[in-house]
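Inside the fold
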Amino acid sequence: MACLALGCFSPPPFTELTLVATRPAAVRARVVQEDVRGQWCFSENVVRASLRPPWRARLADHGRAIRAALDDTPGANVLLDVTVDVRVEQYLLFQRICAIATGDAAVIE
């Protein structure tokens, strides 16, 4: 039982987002590149994940996916018209979970 307890690690903290707006006019930015995509993935053992309590689940981090999208566009510091998604690829003994962010990379000056 102690081995099971040691195998359950706490999930990584969600990335804190600096700015979130529901109205496009809330932010005045110059679009640098349209349709930018970023993703952040991790893999885990299905057996270990099924034995772990649900409150200790490891979750997809959309903040890291947004950061990956911005890192691929030099000079961009904000992502506009963002769509976030989660993709789960299930294999025999493990699964790969990806947080995906798509949007327009822009600069707030």
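The coordinates are above.
The rules behind the values
Residues numbered from 1 in each chain as written. Predicted model: local features only at pLDDT ≥ 70, side-chain atom pairs only at ≥ 80, totals over all residues. Heavy atoms only, no water. Salt bridge = Lys/Arg side-chain N within 4 Å of Asp/Glu carboxyl O. Buried < 20%, exposed > 50% of the residue type's maximum accessible area, 1.4 Å probe, protein only. Helix = DSSP H or I, 4+ residues; strand = E, 2+ residues; numbered from the N terminus. Pairing = 2+ DSSP bridges.

A closer look at the pattern of salt bridges
Any two side chains of opposite charge can pair if their charged atoms end up close together. Applying the stated criterion to the full structure yields four salt bridges. Across the pair Glu44 and Arg52 runs a salt bridge whose closest N-O atoms are separated by 2.5 Å. Arg87 is paired through a salt bridge with Glu89; the nearest N and O atoms lie 3.0 Å apart. With a relative accessible area of 26%, Arg87 lands in the partly exposed category. Connected through shared salt-bridge partners, Arg87, Glu89 and Arg96 make up one network.

Focus: the pairing of strand 3 (residues 94-107)
Of all 14 residues that make up strand 3, 11 are buried, and the element is covered over most of its length. Where strand 1 (residues 30-45) meets strand 3, 13 bridges bridge the pair, whose relative direction is antiparallel. Bridge pairing in strand 3 places Glu44 opposite Gln95. In terms of strand pairing, strand 2 (residues 78-90) meets strand 3 through 11 bridges, oriented antiparallel. Its bridge partner lying in strand 3, Leu79 is registered against Ala105. Counting the residues between successive antiparallel strands, the hairpin from strand 2 to strand 3 contains three residues.

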